[in-house]
Amino acid sequence: DPARGFYRTAQWVRLSGYGFLSTDVLSCRFHAAGVAASVRGADVRFVSTTEVWCRQPALPAALPTPSYVDVSLDGQVFSQSLTGYTVVGDAVALKVAPNQLGLRAAAAVPVPPLAVYAVDAYGHPMGAFHTGDATVSVTLSPAQAAAGAASALALTENQTTLARGEAAFEALRLAGPAVGKYRLQFTAAPFEPVHIPVWVSEGDPTALRIVQEPSRWTDNRQPLPDQPGLVLEDGARNVITMPLNASYIVNAQVVPVPQNSSASFVSVFANGGFWFVDVVIVAVYGMEYRLL
C-alpha cells in the first residue's frame, strides 16, 4: 500500500506478510521481467514481523507488466510472494473502455458510458500521475470513410475534460444512425487519436412505410393488378428486415366500405415486409376509395 508508484518519484510502500525480521541487510526489490531495483538500509524500515516499509526508488523508466515488490532478510534470497506493484511511466497514449460497442438504431441512440484514460507505454492508466487538463473530443464516422473525409455524423455532448488522467462520456447520443459499422474517434492533445468500432443494428419498429402503391383502378372482379406493399422502419428510418417479433400483422381497410366485397385485408410479415396479394375493390363509378 499503495499499489502504484510513478517512476520518477520515490515513495514509501507498506508491505504486509509474516516472518519478517530486523536484520542489517533487510532488503526490498522492485522488479519485472528483465529489470530489477533493490533497496536496503535507510530505504527499508522494519515495523514488525508482519509489516515492512520499502522505499520505491526513482527509476529510469516504468516497469513492464506484471511487476512486483519482494522482501529479503539476507539481501540475497527474496520472497516469492509475487506482491503486485505497478511503476507507471509518462503518458504516451489514450485508451478507451469499453473498446467496442453494439447499438440498436433509433431517432436518438444513447451511448453507454465511455471512459478515456491516459496510459503509459505499457498500458498502465496514469490516474493522478498525469498532471494538467486536456479537452477530449469524439467524432463518429462510417468505418470505411477515407481519412480526412468530411463524413462525421451527428453526436451530442461530444466533448469533455481529461483530468487526473481520466475522462468520461456519459451523455453521448447518436442522431438517427443508419444500420452499419462506424468508428468513434477520440482526440486530445498531445496524443494520437484513438478509435473504437461501433456496430449499429436495426432498432425497434416505430413506423410503416408504403413502398408499393396499389393500383388506381379496378375491374371490379379480380385482385388489384398492383397490390400494396409496406415495410417496417425503426426510429432512424432504417428498413427492418429481421424484427425481433416476426408475427407482425398489418390490416388494410377500404374506406368507404365497397359494395359486394370485403372491406378488410390482412398481410403477415414475410420476406422483409407486408406484401398483400388479395385486395379486391368492387367500386361504384365516380367514388374515391382509400386503403388505410
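Residues numbered from 1 in each chain as written. Predicted model: local features only at pLDDT ≥ 70, side-chain atom pairs only at ≥ 80, totals over all residues. Heavy atoms only, no water.

1. A closer look at the sheet that holds strand β7 (residues 67-72)
Right, on to step 1. Here 4 strands make up an open sheet; going across it, the order is β4-β3-β7-β8 and the pairing antiparallel. Of all the strands in the sheet, the pair left with one neighbour each is β4 (35-40) and β8 (83-84).
Right, on to step 2. Relative to β4, strand β3 (residues 27-32) is paired through 6 bridges, and the arrangement is antiparallel. Directly across from Arg29, in β4, lies its bridge partner Ser38. (Pairing = 2+ DSSP bridges. Helix = DSSP H or I, 4+ residues; strand = E, 2+ residues; numbered from the N terminus.)

2. A word on the pattern of salt bridges
Right, on to step 1. The tally for this structure, following the rule as stated, stands at 7 salt bridges.
Right, on to step 2. We note a salt bridge from Arg14 to Asp1, for which the minimum N-O separation is 4.0 Å. Of this pair, Arg14 sits in strand β2 (residues 11-16) while Asp1 sits in the segment before β1 (4-6); the two residues are 13 residues apart in sequence, bridging distant segments of the chain.
Right, on to step 3. Two residues, Arg104 and Asp204, come together in a salt bridge whose shortest N-O distance is 2.9 Å. (Salt bridge = Lys/Arg side-chain N within 4 Å of Asp/Glu carboxyl O.)

3. A short note on the state of the cysteines
Right, on to step 1. Tallied over the entire structure, the rule returns 1 disulfide.
Right, on to step 2. The disulfide bridge from Cys28 ends at Cys54, spanning 1.8 Å between sulfur atoms. Residues Cys28 and Cys54 are joined by a disulfide whose S-S torsion is about -50 degrees; by sign, that bridge is left-handed. Highlighted residues: Cys28 in strand β3 and Cys54 in strand β6 (residues 51-56), separated in sequence by 26 residues. Take Cys28 and Cys54: they sit in the same class, and that class is buried. (Disulfide = S-S within 2.5 Å. Buried < 20%, exposed > 50% of the residue type's maximum accessible area, 1.4 Å probe, protein only.)

4. Some remarks on the pairing of strand β14 (residues 134-142)
Right, on to step 1. Looking at chain direction, β14 and strand β16 (residues 159-162) are connected through 4 bridges and run antiparallel. Bridge pairing in β16 places Thr135 opposite Thr161.
Right, on to step 2. For β14 and strand β19 (residues 180-187), the ladder comprises 6 bridges, and the chain directions are antiparallel. Paired with Thr139 across the strands is Gln185, a residue of β19.

5. Points about the side chain of Asn238
Right, on to step 1. Structurally, Asn238 can be placed in the loop between β22 (229-234) and β23 (239-240).
Right, on to step 2. One polar contact links the side chain of Asn238 to the main-chain amide nitrogen of Val179, over a distance of 3.0 Å.
Right, on to step 3. Sequence-distant contacts of Asn238, defined by excluding residues within four places in its chain, comprise Ala105, Pro177, Ala178, Val179, Leu232 and Glu233. (Polar contact = N/O pair within 3.5 Å; in protein donor to acceptor, adjacent residues only side chain to side chain. Contact = heavy atoms within 4.5 Å.)

6. Some words on the nonpolar core
In globular proteins that are soluble, nonpolar side chains generally tend to be buried together.
Right, on to step 1. Among the nonpolar cores identified, the biggest contains 52 residues, and Leu114, Leu184 and Phe186 are the most heavily contacted of them.
Right, on to step 2. By size, the runner-up hydrophobic cluster in this structure holds 14 residues, among which are Leu224, Val254, Phe269 and Val279. (Core = buried A, V, L, I, M, F, W, Y, C linked by side-chain atoms within 4.5 Å.)

7. Digging into the sheet that holds strand β12 (residues 108-110)
Whether parallel or antiparallel, the strands of a sheet pair through hydrogen bonds between backbone atoms.
Right, on to step 1. Reading across the sheet, the 3 strands line up as β12-β18-β15 and stay open at both edges, with antiparallel pairing between neighbours. Either end of the sheet is taken by a strand with one partner, and the two such strands are β12 and β15 (155-156).
Right, on to step 2. As judged from the 2 bridges shared by β15 and strand β18 (residues 173-175), these two strands associate in the antiparallel manner. Residue pairing across strands places Thr156 opposite Arg173, the latter belonging to β18.

8. Digging into unusual backbone geometry
Right, on to step 1. Omega for the bond connecting Asp1 with Pro2 falls within 30 degrees of zero, at 0 degrees, which places this linkage in the cis form.
Right, on to step 2. With respect to the helices and strands, Pro2 occurs in the segment before β1.
Right, on to step 3. Following Thr65, the chain continues to Pro66 via a peptide bond in cis, the omega torsion being -5 degrees.
Right, on to step 4. Here Pro66 lies in the loop between β6 and β7.
Right, on to step 5. One non-glycine residue with positive phi stands out, namely Asn220, at about 65 degrees.
Right, on to step 6. Within the secondary structure, Asn220 sits in the loop between β21 (205-212) and β22.
Right, on to step 7. In this structure Asn220 comes out as partly exposed when scored by relative accessible area, which is 31%.
Right, on to step 8. Even without glycine at this site, Asn271 takes up a positive phi of about 55 degrees.
Right, on to step 9. One can find Asn271 in the loop between β25 (264-268) and β26 (274-275).
Right, on to step 10. Judged by its relative accessible area of 76%, Asn271 falls in the exposed class.

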